[in-house]
Amino acid sequence: MSNIVIDMNNIPKHIALILDGNGRWAKKRMLPRNLGHRKGAFNIADIAKEASALGIKVMSCYCFSTENWNRPKQEVDYLMQVPIKYFKRYKEKIENSDIKVIFSGRRDRVPSNLLTTMEEIEKITSNHEGLILNLCFDYGSHDEIINAAKKLAIAVKNGEISVDQIDEKMFEKNLYTKDLPPVDLLIRTSGEERISNYLLWQIAYAEFYFTPVLWPDFDAKELEKAIISYQGRTRRFGGLKEEEK
Ligand code: IPE
Ligand code: IPE
Ligand code: MG
């Protein structure tokens, strides 16, 4: 395994990460859970740089789910402040990088100071042409799909489109991830093997990679392992490969 190198001609375009295990990482060290979240947040930037260097175009990160509101208030409050603290500290670095940051998810429930930060990060990176870092915050696939269905229903009601015009392309354009390509590789850390309401539409033909490594410990080497595993898969998209015919 260690001798296998990455094939630079077969790099996934879009990787999606379920960054799980921050709490367990902290618990193992007898630290409060929030310190795990802090370490996990710093790790996003490191892995984004690594992904960018490998030629990955889009990296989606599950940062806060629509179900995570069910956590204790002090943990939710902390998670709502993480991007703000991060931005205050690294504004210049973000501005001077070539990474384009976008947020996917609901915007009507996050605190107003977080919303302001999200909009500012998106604004100052909007012209960047490097990796797209899609941060999924107050994101849930069920919410996203219902939201898209409602938008289309309203457009039909207003006579802007007809029901027959609704196809996969149009539906996709109404998802939070509207301009992103489909997910090629989905990675979940911490040993859990479930999707937890993440990018259900977008992972239709993604390859899955589960690792027991906790998110704060997931480093460049772990990312490389995931890519190498991906490169060993046969993607058929329902068809057959040339050699299988
Ligand atoms: C993932 O880590 C980050 C968020 C869900 C915000 P967890 O907080 O779920 O960590 P574990 O699963 O409890 O270890
Ligand atoms: C999924 O992790 C959500 C994020 C990583 C933001 P959870 O820790 O919330 O998922 P479950 O509850 O174990 O499925
Ligand atoms: Mg978890």
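Below is a summary of the structure that appears in this document. (Residues numbered from 1 in each chain as written. Chains lettered and ligands numbered in written order. Predicted model: local features only at pLDDT ≥ 70, side-chain atom pairs only at ≥ 80, totals over all residues. Heavy atoms only, no water.)

Turning our eyes to something else, we now look at the site of ligand 1. Around ligand 1, the neighbouring residues are Leu19, Asp20, Gly21, Asn22, Gly23, Arg24, Arg33, His37, Cys63, Asn68, Arg71 and Leu79. The separation between an oxygen atom of ligand 1 and a polar main-chain atom of Gly23 is 2.9 Å. For ligand 1, whose unbound accessible area comes to 380 Å², protein coverage reaches 87%. Most atoms of ligand 1, that is more than half of them, are within 2 Å of grid points of the largest pocket. (Near = heavy atom within 4 Å. Polar contact = N/O pair within 3.5 Å; in protein donor to acceptor, adjacent residues only side chain to side chain. Areas by Shrake-Rupley, 256 points an atom, 1.4 Å probe, with all protein chains shown as cover. 1 Å grid on protein atoms, 1.4 Å probe; cavity = no way out; pocket = protein on both sides within 12 Å on 5 of 7 lines; lining within 4 Å. Sits in = over half its atoms within 2 Å of the grid points.)

Another point: the pairing of strand E1 (residues 14-18). Burial of E1 is extensive: five of the five residues sit out of reach of the surface. On E1, burial covers both faces: His14, Ala16 and Ile18 on one face and Ile15 and Leu17 on the other are all buried. Of the strand pairs in this sheet, E1 and strand E2 (residues 58-65) are connected by five bridges, and their pairing is parallel. Following the sheet pairing, His14 is matched in E2 by Val58. With four bridges connecting them, E1 and strand E5 (residues 185-188) associate as parallel partners. Looking across to E5, one finds that Ala16 is bridged to Leu186. (Buried < 20%, exposed > 50% of the residue type's maximum accessible area, 1.4 Å probe, protein only. Helix = DSSP H or I, 4+ residues; strand = E, 2+ residues; numbered from the N terminus. Pairing = 2+ DSSP bridges.)

Turning to the site of ligand 2, a few remarks are in order. Every residue lining ligand 2 is accounted for by Ile18, Leu19, Asp20, Tyr62, Cys63, Phe64, Ser65, Asn68, Arg71, Arg188, Arg194 and Ser196. Residue Asn68 places a side-chain N or O atom 2.9 Å away from an oxygen atom belonging to ligand 2. A distance of 2.6 Å separates an oxygen atom of ligand 2 from a polar side-chain atom of Ser196. When ligand 2 is considered free in solution it has 390 Å² of accessible area, and contact with the protein chains removes 77% of it. A molecule is said to occupy a pocket when more than half its atoms come within 2 Å of that pocket's grid points, and by this definition ligand 2 occupies the largest pocket. With four residues, E2 is the single largest residue contributor to the shell around ligand 2. Among the residues forming the shell around ligand 2, the class breakdown is five nonpolar, three polar and four charged. (Nonpolar A, V, L, I, M, F, W, Y, C, P; charged D, E, K, R; others polar.)

In this section: the packing of helix H2 (residues 33-54) against helix H7 (residues 220-231). Interaxial distance between H2 and H7 falls to 10 Å at its minimum, and their mutual angle equals 45°. Taken together, H2 and H7 sit at an angle that is classed as oblique. H2 and H7 meet at a crossing whose hand is right-handed. On the side of H2, the interface is formed by Ile47, Glu50, Ala51 and Leu54, while H7 contributes Ala220, Leu223, Glu224 and Ile227. Looking at the contact of H2 with H7 residue by residue, the class counts come to six nonpolar, no polar and two charged. (Axes fitted to C-alpha atoms, helices over the stretch in contact; angles between N-to-C directions. Parallel < 35°, antiparallel > 145°, perpendicular 65-115°, else oblique. Left-handed = near helix turned anticlockwise from the far one by under 90°. Contact = heavy atoms within 4.5 Å.)

Okay, the sheet that holds strand E6 (residues 207-210) next. With parallel pairing, six strands are arranged side by side in an open sheet as E3-E4-E2-E1-E5-E6. A strand with exactly one partner marks an edge of an open sheet, and here the two such strands are strand E3 (100-104) and E6. Averaged over neighbouring strand pairs, the angle between their axes works out to 20° when direction is ignored. Of the strand pairs in this sheet, E5 and E6 are connected by four bridges, and their pairing is parallel.

Residue position: Gly140 is located in the loop between strand E4 (132-139) and helix H5 (141-157). Taking relative accessible area as the criterion, Gly140 reaches 0% and is therefore assigned buried. C-alpha separation for the pair Gly140 and Ser196, spaced 56 residues apart in sequence, amounts to 8.4 Å. Not counting residues within four places of it along the chain, the set of residues in contact with Gly140 comprises Tyr62, Thr66 and Asn197.

Our focus in this paragraph is H2. Between its first and last C-alpha atoms H2 spans 31 Å; for 22 residues at 1.5 Å apiece the expected length is 32 Å, and the two agree. Looking only at H2, the buried set comprises Asn34, Gly36, His37, Gly40, Ala41, Asn43, Ile44, Ile47, Ala48, Glu50, Ala51 and Leu54. In the core, the buried residues of H2 are packed alongside E1, helix H1 (22-28), E2, helix H3 (73-96), E4 and H7. (Expected span 1.5 Å × (residues − 1).)

Any functional reading would require information beyond the geometric quantities listed.
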